[in-house]
Amino acid sequence: MILCRCPFLANARSRTCSLSTVAVAAAVRRGDLTGAEEAFASTPRKTTATYNCLLAGYARALGRLADARHLFDRIPTPDAVSYNTLLSCHFASGDADGARRLFASMPVRDVASWNTMVSGLSKSGAVEEAKAVFLAMPVRNSVSWNAMVSGFACSGDMSAAEEWFRNAPEKGDAVLWTAMVSGYMDIGNVVKAIEYFEAMPVRNLVSWNAVVAGYVKNSHADDALRLFRTMVREANVQPNASTLSSVLLGCSNLSALGFGKQIHQWCMKLPLSRNLTVGTSLVSMYCKCGDLSSACKLFGEMHTRDVVAWNAMISGYAQHGDGKEAINLFERMKDEGVEPNWITFVAVLTACIHTGLCDFGIRCFEGMKELYGIEPRVDHYSCMVDLLCRAGKLERAVDLIRSMPFEPHPSAYGTLLAACRVYKNLEFAELAAGKLIEKDPQSAGAYVQLANIYAGANQWDDVSRVRRWMKDNAVVKTPGYSWIEIKGVMHEFRSNDRLHPQLYLIHEKLGQLAERMKAMGYVPDLDFVLHDVDETLKVQMLMRHSEKLAISFGLISTAPGMTLRIFKNLRVCGDCHNAAKVISKIEDREIILRDSTRFHHFRGGHCSCGDYWPAISIICKGHKTE
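Here is what the cut-offs are and how they apply
- Residues numbered from 1 in each chain as written.
- Predicted model: local features only at pLDDT ≥ 70, side-chain atom pairs only at ≥ 80, totals over all residues.
- Heavy atoms only, no water.
- Helix = DSSP H or I, 4+ residues; strand = E, 2+ residues; numbered from the N terminus.
- Expected span 1.5 Å × (residues − 1).
- Buried < 20%, exposed > 50% of the residue type's maximum accessible area, 1.4 Å probe, protein only.
- Contact = heavy atoms within 4.5 Å.
- Patch = residues over 30% accessible without salt bridge, like charges linked within 9 Å, V, L, I, M, F, W, Y side chains within 5 Å.
- Areas by Shrake-Rupley, 256 points an atom, 1.4 Å probe, with all protein chains shown as cover.
- Salt bridge = Lys/Arg side-chain N within 4 Å of Asp/Glu carboxyl O.
- Lys, Arg positive; Asp, Glu negative; His and termini not counted.
- Charge placed at Lys NZ, Arg CZ, Asp CG, Glu CD.
- UniProt positions renumbered as here; feature names shortened; annotations may be inferred.
- Disulfide = S-S within 2.5 Å.
- Axes fitted to C-alpha atoms, helices over the stretch in contact; angles between N-to-C directions.
- Parallel < 35°, antiparallel > 145°, perpendicular 65-115°, else oblique.
- Left-handed = near helix turned anticlockwise from the far one by under 90°.
- Nonpolar A, V, L, I, M, F, W, Y, C, P; charged D, E, K, R; others polar.

Undergrad: Honestly, helix α15 (residues 241–254) in this entry has me stumped. Any pointers?
TA: In this model α15 runs 20 Å from its N-terminal to its C-terminal C-alpha over 14 residues, within 8% of the 20 Å that 1.5 Å per residue would give. Restricting attention to buried positions, one finds in α15 the residues A241, T243, L244, S246, V247, L248, G250, C251 and S252. Where α15 is buried, its residues meet α13 (205–217), α14 (221–233), α16 (257–267), α17 (276–288) and β4 (591–594). Looking at the residues trailing α15, positive phi occurs at S255, about 60 degrees.

The structure is reproduced here in structure tokens:
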């Protein structure tokens, strides 16, 4: 019997194979690796292109190197794309040695093979080896030069990056310029980064994102928001999830709730509103800007939640002092099958700190490794020191610091130092202050806290000694200031402020409040005036702390009953905390005050912290009271 080939059937098989390959590729593009595997398995006749599509999916996923190797070994005739994709998979999985062996065994190499090697080695930190591979390349293109410039920029060697940038034959590639922008932003040279950005012959979305993220990283959040407006309105560049994540972090850093709400409304008109990264960033922004109810509502509306989203909401509850709800959410997260990570436990321990749940916190800390295989990190130990200090267990906290399997973070000693002020323990205070000053003689926090403790004990000679010590070491104290957003405008106040245009009205309101507060039994806590002056002047100084000025301005600038949101760069002082409670009752207002440690919700003469706040804040790099 003679078999003849039917052209129609051959074409049909070819079309079926092509469609199956397209289905695998489409699933990979949308990030559906399971769908890609299913489409691949249902393909009766697989070509090398079909294998390569699934291989690309494994290269994009974390922890799938073994699957990629197994799939590669099944390819009947692997081509250069097959080898290059597997090479990328090795680098994506952190297996640079495996990539080196594969590259050495490749039967044929094209320019993409060499570029993958140069780029992978650069990103792995082996820049000199990448340079050797680059010099050995038979043919180079713009991608080759981009990889080298990016490698030196990522390593922080901007002088080398500059040299390679100048030598690059093609200067019209946005990737080349963006590498320089990102590199300078990473080392904190914002001016140089902006010079490159402004000189770019062409910009793409990644270029804009590099500057927005760099501004936020380098504490120029206001510039990040300004650039975002320019990007959207004037440059007509459509932002992506990465852009919005950076901008929303900038809103959080500035406590710019109004701008954050505008971005949320804008997102609702775009498909980005369903993006998990954007949703999580919005939840975090609302939490950090003091609008916990909006964060809860948004979290409840999210269609999918990963561990990062759960962490953001748990951390939000913790920072707002609702530790019980944070722990309830933690339990819900586990019930829904989401595995906690080390950040989850930092959030849970923080919730225990702000709610006084010492025993539960200890159980969580001890169960991390046993139940979840999570090795406690320095952050967890710092939380435990804070938790023990707040519970008054200073000796146990000192024992924990001494037993840490690594060098304690300065925040652990800062926490202990702050606790010593509450529990009037001069011995441990001097120990903690000594360690902090030894680690960073220029940081004002330790000096100021120690001076506070001496002042509280009326040891003014020791206060003077600490101040001389600061002067000898050329230490500059970080000034305390508070701010409030009114109709989109930020109003900033420093202690005894003399610059605000409505200062007369602010003082007039404070005078009225002082009379009513006194009638309700409020007595100024003069321990929070760290100067050896008479009592009348101490009272006046207390009434002009930045928190009180901001609250007073908020009261005269907003409608009755409207919630006030105050922010402070340092820890709220004890007298201002007591005053805010009384004012919230007098004015029948909710006052939300975020300091360097947490949020305080004042309502009807009470605070959400249950007056647990004085125990301790983390003192490191200048966290202190005015």
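Undergrad: Looking at this structure, I do not really get a negative patch on the surface. What am I missing?
TA: Side chains of E395, D399, E427 and E430 sit close together on the surface and give a patch of like negative charge. Counting only elements with at least two residues in the negative patch, the list comes to α24 (394–403) and α26 (426–439). Positionally, D399 belongs in helix α24. Residue class for D399 comes out partly exposed when judged on its relative accessible area of 48%.

Undergrad: When you look at the UniProt feature "repeat: PPR" (unreviewed entry) in the protein in this model, what are you seeing that I'm missing?
TA: As recorded in UniProt, the feature "repeat: PPR" (unreviewed entry) lies at residues 47–82, 110–144, 204–239 and 306–340. The span residues 110–144 carries 74% helix and 0% strand; its end-to-end C-alpha distance comes to 12 Å. Overall, residues 204–239 shows 72% helix and 0% strand. The separation of its end C-alpha atoms is 10 Å.

Undergrad: Before we go on, may I ask you to explain the state of the cysteines in this structure?
TA: A covalent bond bridging the sulfur atoms of two cysteines is what the word disulfide describes. Following the criterion strictly, the structure yields 0 disulfides and no others. Cysteine C358 is unpaired, with the sulfur of C352 as its nearest cysteine sulfur at 8.7 Å. Judged by relative accessible area, which is 9%, C358 ranks as buried. Not part of a disulfide, C420 finds its nearest cysteine sulfur in C389, a span of 7.2 Å. Residue C420 is classed as buried on the basis of its relative accessible area, which comes to 0%.

Undergrad: What is the right way to read the packing of helix α8 (residues 127–136) against helix α9 (residues 142–154) from this model?
TA: When two helices pack together, you describe them by how their axes are tilted relative to each other and by the distance separating the axes. It is at 10 Å that the axes of α8 and α9 come closest, and there the two elements cross at 160 degrees. Classified by the interaxial angle, the pair formed by α8 and α9 is roughly antiparallel. Handedness of the α8/α9 crossing: left-handed. Between α8 and α9, the contacting residues are V127, E128, A130, K131 and F134 on the first element and S144, W145, M148, G151 and F152 on the second. Grouping the amino acids of the contact of α8 with α9 by side-chain chemistry returns 6 nonpolar, 2 polar and 2 charged.

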